[in-house]
Amino acid sequence: VALLVVLFLVLRGRGDGEPTAGTTARTTAAATTAAPTVVIEVARRVEVDVRGGRVAGGVRTVEVEKGERLLVVVRADVSDEVHVHGYDVSRVVAPGTPARIPLRATIAGRFEVELEDRKLRILELEVRP
Ligand SMILES: [Cu+2]
């Protein structure tokens, strides 16, 4: 099972409009603490492709550790809603418009992901405690 790892760059604490000259030691220190911080989060990307009412390659079970970050990307040749059970997250999917579902695996257990309208199971998530 090929799972891709992607990096998410999150920029935080961007200090706009900081004075650059003629500042006192105190404001310089404040500007230092407000400096941009780069946080790198690694998410596991899980891809599902639904064509002709079936999951390409069959329905997989993806095992993740509790606390792990996931990005579930679902492509489909129909319009429907992707529903992650347990986490109760839903995203619309349509031909040419994949559903992208970021998840933090905070709940342990085995959960079904389905195309809600069709009641089609497309993925199993197993979150280990
Ligand atoms: Cu459902």
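Each remark here, short or long, concerns the structure printed above.
Below is a summary of the structure that appears in this document. This structure is a prediction, so every number in the text was calculated from the model and none was measured.

Moving on, we get to the coordination of the copper ion. Looking at the metal site, the copper ion is ligated by His83 (ND1), His85 (NE2), Glu114 (OE) and Glu116 (OE), spaced 2.0 to 2.2 Å from it. Geometry at the copper ion is square planar, judged from the four donor atoms that bind it and their angles of 78 to 167 degrees at the metal. Considered as a linear motif, the donors of the copper ion on their single chain read H-x1-H-x28-E-x1-E.

With that settled, the discussion passes to the packing of aromatic side chains. Any two aromatic rings considered together are summarised by their centre-to-centre distance and by the angle between their planes. Enumeration over the complete set of coordinates arrives at one aromatic pair. For the ring pair Tyr87 and Phe111, a centre distance of 5.3 Å and an interplane angle of 80 degrees mean the geometry is edge-to-face. Separated by 24 residues along the polypeptide, Tyr87 in the loop between strand E6 (80-84) and strand E7 (89-93) and Phe111 in strand E9 (residues 109-115) bring together distant segments of the chain. The same class applies to Tyr87 and to Phe111, which are both buried.

Along the chain, Glu124 falls in strand E10 (residues 120-128). Since its relative accessible area comes to 8%, Glu124 is described here as buried. A polar atom in the side chain of Glu124 sits 3.3 Å from the side chain of Arg110. If we ignore the near neighbours within four places in the chain, the residues touching Glu124 are Val59, Arg60, Thr61, Val62, Arg110, Phe111 and Glu112.

Moving on, we get to unusual backbone geometry. Its identity as a non-glycine residue notwithstanding, Asp88 has a phi of 50 degrees, on the positive side. Note that Asp88 resides in the loop between E6 and E7. Although it is not a glycine, Lys119 adopts a positive phi angle of roughly 55 degrees. Mapped onto the secondary structure, Lys119 falls in the loop between E9 and E10.

An order of E4-E10-E9-E6-E7 is seen for the five strands of this open sheet, with the pairing classed as mixed. Either end of the sheet is taken by a strand with one partner, and the two such strands are strand E4 (60-65) and E7. Looking at each pair of strands side by side, their axes are set apart by 20 degrees on average, direction ignored. When E4 meets E10, the two strands line up parallel, connected through six bridges.

This brings us to the pattern of salt bridges. Under the counting rule described, the total for this entry stands at 10 salt bridges. Note that Glu68 and Arg44 form a salt bridge whose closest N and O atoms lie 3.1 Å from each other. Taken together, the positions of Glu68 in the loop between E4 and strand E5 (69-76) and Arg44 in strand E2 (residues 37-51) put the pair 24 residues apart, joining distant regions of the chain. Among the residues examined, Glu68 registers a relative accessible area of 21% and is labelled partly exposed. Overlapping salt bridges bring together Arg110, Arg121, Glu124 and Glu126 as one network.

Here is what the cut-offs are and how they apply
- Residues numbered from 1 in each chain as written.
- Predicted model: local features only at pLDDT ≥ 70, side-chain atom pairs only at ≥ 80, totals over all residues.
- Heavy atoms only, no water.
- Donors = N, O, S within 2.8 Å, 3.2 Å for Na, K, Ca; no water.
- Tetrahedral: all angles 85-135°; square planar, octahedral: opposite > 155°, others 65-115°.
- Phe/Tyr/Trp six-rings, centres within 6.5 Å; stacked < 30°, edge-to-face > 60°.
- Helix = DSSP H or I, 4+ residues; strand = E, 2+ residues; numbered from the N terminus.
- Buried < 20%, exposed > 50% of the residue type's maximum accessible area, 1.4 Å probe, protein only.
- Polar contact = N/O pair within 3.5 Å; in protein donor to acceptor, adjacent residues only side chain to side chain.
- Contact = heavy atoms within 4.5 Å.
- Pairing = 2+ DSSP bridges.
- Axes fitted to C-alpha atoms, helices over the stretch in contact; angles between N-to-C directions.
- Salt bridge = Lys/Arg side-chain N within 4 Å of Asp/Glu carboxyl O.

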